[in-house]
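Secondary and tertiary structure notes
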Amino acid sequence: MAEEKRVRHILSLSGGKDSAALAIYMRDRVPEMEYIFSDTGKELPETYEYLDRIASYLGKEVIRLNADVGFDHWYEMYGGMIPSNHRRWCTRALKLKPFEEHCGDDEVVNYVGLRAEENRSGYISHKPNIKAVYPFREDGLVLRDIEEILRTSGVGMPPYTKWGRTRSGCYFCFYQQKIEWVRLKETYPELYEKAKEYEKPFEKTGNFFTWSQGESLAEMERPERVEQIKREHVIRIQRNAARKENLTLVEVFASADTAEDVDEDDNQGCLVCSL
Ligand code: SF4
């Protein structure tokens, strides 16, 4: 009789709250789970500490995957093109490819931390041997449940939420809202400076791209602009809070941030980088 093909169970951590909560949720349900993290080399420094915390709860190593070549290589290859929602080469090269290589040709069940109330679709592997499953969706778990899982496990929310960032991923992720750029500058001024360095005409082509839609980081850091961004953000929070009295504080901030100055697709986020 032919030997039955082994199925691998893989959960990809992003450094964000949903994948962290899913790892906790699945720990005893799928003991053979492999936990992985695709490291872009441009992550927030605190992400590594958070992954250690998760690994310690799981009692298992979180396997680090690194792309063969990093962000800067692809940035050069793409002619100095800063990625964006419509030019998202970074997720493919730095997250998806290492994940697919790690899976190889094995049959894989890929656990994705999309919540029951989310209707976003996103960037995940569509290789025929990789099947995505959505346990939170299937079990009807929403944001409050995810917060509760993180709280009761002792793992807690990702550290970046303390300074008001809403997504995991690269420190310069183009999905950040303007207020998050302001907070990045206040929290990690050196990373803001590094992000700024990419915003220059690419010498071979003269191409010039910005991380944030419509303005450069140099323009955004002007004191009067910073004040304006902060003011507008407070107004948005107040408006949302008045409209949605029953939301948790995290939900109020999240809804304020996703409503801000982005094109519609941006709300779909990135299932690989930011769950
Ligand atoms: S976190 Fe953002 S910049 Fe980094 S790989 Fe993902 S989409 Fe690209």
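Quick summary incoming for the structure in this document.

Parameters at a glance
What you see as residue numbers is a count from 1 along each chain, following the sequence as written. Where totals are concerned, whole chains, interfaces and linings use all residues; where local detail is concerned, this predicted model gives features only for residues with pLDDT of at least 70, and gives and counts side-chain atom pairs only at 80 or more. Side-chain figures throughout are based on the complete set of non-hydrogen atoms in the structure, without hydrogens or water. Where helices and strands are cited, they refer to DSSP runs of H or I of at least four residues and of E of at least two residues respectively, numbered from the N terminus. Contacts are residue-level and defined by heavy atoms, with any inter-residue pair within 4.5 Å sufficient. Per-residue and other accessible areas were derived by the Shrake-Rupley procedure at a 1.4 Å probe size, with only the shown protein chains allowed to occlude residues. What counts as a ring pair is set by centres within 6.5 Å for rings of Phe, Tyr and Trp (its six-membered ring), and what kind of pair is set by the plane angle: stacked under 30 degrees, edge-to-face over 60, tilted for all other angles. Categorising residues by exposure relies on relative accessible area from a 1.4 Å probe, with only protein chains included: less than 20% of the type maximum marks a residue as buried, more than 50% marks it as exposed, and the intermediate range marks it as partly exposed. One heavy atom within 4 Å of a molecule or strand is enough for the residue carrying it to be called near that molecule or strand. For this classification, the nonpolar set comprises Ala, Val, Leu, Ile, Met, Phe, Trp, Tyr, Cys and Pro, the charged set comprises Asp, Glu, Lys and Arg, and every other residue, Gly included, is treated as polar. Should DSSP find at least two bridges between two strands, the strands are regarded as paired. Note on handedness: a clockwise path from strand one over the helix to strand two, with the strands aimed away from the viewer, defines a right-handed crossover. What is meant by a nonpolar core is a set of buried Ala, Val, Leu, Ile, Met, Phe, Trp, Tyr and Cys residues, joined one to another through side-chain atoms within 4.5 Å. Note that domain bounds follow an automatic or database assignment of domains. By convention in these notes, a salt bridge is any Lys or Arg side-chain nitrogen within 4 Å of a carboxyl oxygen on Asp or Glu. A fitted line through C-alpha atoms represents every axis, and for helices the fit uses only the stretch in contact; the resulting angles, taken between N-to-C directions, go from 0 to 180 degrees. The definition of a polar contact used here is a pair of N or O atoms within 3.5 Å, where within protein one atom must be able to donate a hydrogen and the other to accept one, and adjacent residues in sequence count solely through side-chain atom pairs.

Side note on the overall build of the chain
- Helix and strand counts for the chain stand at eleven helices and five strands.
- Of all intrachain contacts in the chain linking residues separated by at least 6 positions in sequence, the fraction that spans at least 24 positions is 68%.
- Carbon and sulfur atoms make up 51% of the accessible area of the chain, which totals about 13,300 Å².

Digging into the packing of aromatic side chains
- By the definition in use, this model includes 18 aromatic pairs.
- Look at Phe 71 and Tyr 198: their rings are 5.6 Å apart centre to centre, the planes differ by 85 degrees, and that puts the pair in the edge-to-face class. Highlighted residues: Phe 71 in helix 3 (residues 71-77) and Tyr 198 in the loop between helix 8 (189-197) and helix 9 (217-220), separated in sequence by 127 residues. Tyr 198 matches Phe 71 in its accessibility class, with the two residues each being buried.
- An angle of 85 degrees between the planes, with centres 5.5 Å apart, marks the rings of Phe 172 and Tyr 198 as edge-to-face. Here Phe 172, found in the loop between helix 6 (143-153) and helix 7 (178-187), pairs with Tyr 198, found in the loop between helix 8 and helix 9; they are 26 residues apart in sequence, far enough to count as distant. Residues Phe 172 and Tyr 198 agree in their burial class; the two are buried.
- In textbook terms, an aromatic cluster arises when at least three aromatic residues are bridged by ring pairs, as seen for Phe 71, Trp 74, Tyr 75, Tyr 78, Trp 89, Tyr 171, Phe 172, Tyr 198, Phe 202 and Trp 211.

Considerations on the site of the ligand
- The full set of residues close to the ligand is Cys 90, Thr 91, Gly 169, Cys 170, Cys 173, Phe 174 and Cys 273.
- Classifying every residue of the shell around the ligand by side-chain character gives five nonpolar, two polar and no charged.

With respect to the pairing of strand 3 (residues 62-66)
- As paired elements, strand 2 (residues 34-39) and strand 3 share five bridges and run parallel to each other. Paired with Ile 36 across the bridge in strand 3 is Ile 63.
- As for the winding sense of the linkage, the β-α-β connection from strand 2 through helix 2 (residues 45-58) to strand 3 is right-handed.

Section: the nonpolar core
- Membership of the largest hydrophobic core comes to 33 residues, with the highest contact counts inside it found for Phe 71, Phe 172, Trp 181, Leu 184 and Trp 211.
- Broken down by secondary-structure element, the contributors of at least two residues to this core are helix 3, helix 4 (89-103), helix 7, helix 8, helix 9 and helix 10 (223-243).
- Counting residues domain by domain, this core receives three or more from each of domain 1 (7-163) and domain 2 (178-268).
- With residues near it in sequence (within four places) discarded, Phe 172 still touches Lys 42, Phe 71, Trp 181, Ala 195, Tyr 198 and Trp 211.

Remarks on the pattern of salt bridges
- Considering all chains together, one arrives at 20 salt bridges under this definition.
- Two residues, Arg 115 and Asp 18, come together in a salt bridge whose shortest N-O distance is 3.0 Å. Of the two residues, Arg 115 sits in the loop between strand 4 (107-111) and strand 5 (130-133) while Asp 18 sits in helix 1 (residues 17-26), which places them 97 residues apart along the sequence.
- In this structure Asp 18 comes out as buried when scored by relative accessible area, which is 1%.
- One salt bridge connects Glu 193 with Lys 196, and the closest N-O pair in it is separated by 3.3 Å. With Glu 193 and Lys 196 both in helix 8 and three residues apart, the pair spans about one turn of that helix.
- Several salt bridges converge on common partners, so that one network encompasses Lys 17, Asp 18, Arg 115, Glu 117 and Glu 118.

Let's talk about helix 7
- In terms of burial, helix 7 is largely enclosed, as seven of its ten residues are buried.
- Of the residues making up helix 7, those classed as buried are Lys 178, Ile 179, Glu 180, Trp 181, Val 182, Arg 183 and Leu 184.

Here we look at the sheet that holds strand 2
- Strand order in the open sheet formed by five strands is 3-2-1-4-5, with parallel pairing between adjacent strands. Each edge of the open sheet carries a strand with a single partner, namely strand 3 and strand 5. Across the sheet, the mean angle separating the axes of adjacent strands is 35 degrees when strand polarity is ignored.
- Here strand 1 (residues 7-13) runs beside strand 4; their pairing, made up of five bridges, is parallel.

So, the side chain of Asn 85
- Here Asn 85 is to be found in the loop between helix 3 and helix 4.
- A distance of 2.6 Å separates the side chain of Asn 85 from the side chain of Tyr 175, its partner in a polar contact.

Comments concerning the side chain of Ser 14
- Assignment of secondary structure puts Ser 14 in the loop between strand 1 and helix 1.
- Residue class for Ser 14 comes out buried when judged on its relative accessible area of 1%.
- Within the structure, Ser 14 has its side chain in polar contact with the side chain of Ser 168 (distance 3.2 Å).
- In this structure Ser 14 touches Ser 19, Phe 37, Ser 168, Gly 169, Val 272, Cys 273, Ser 274 and Leu 275, once residues within four positions along its chain are discounted.

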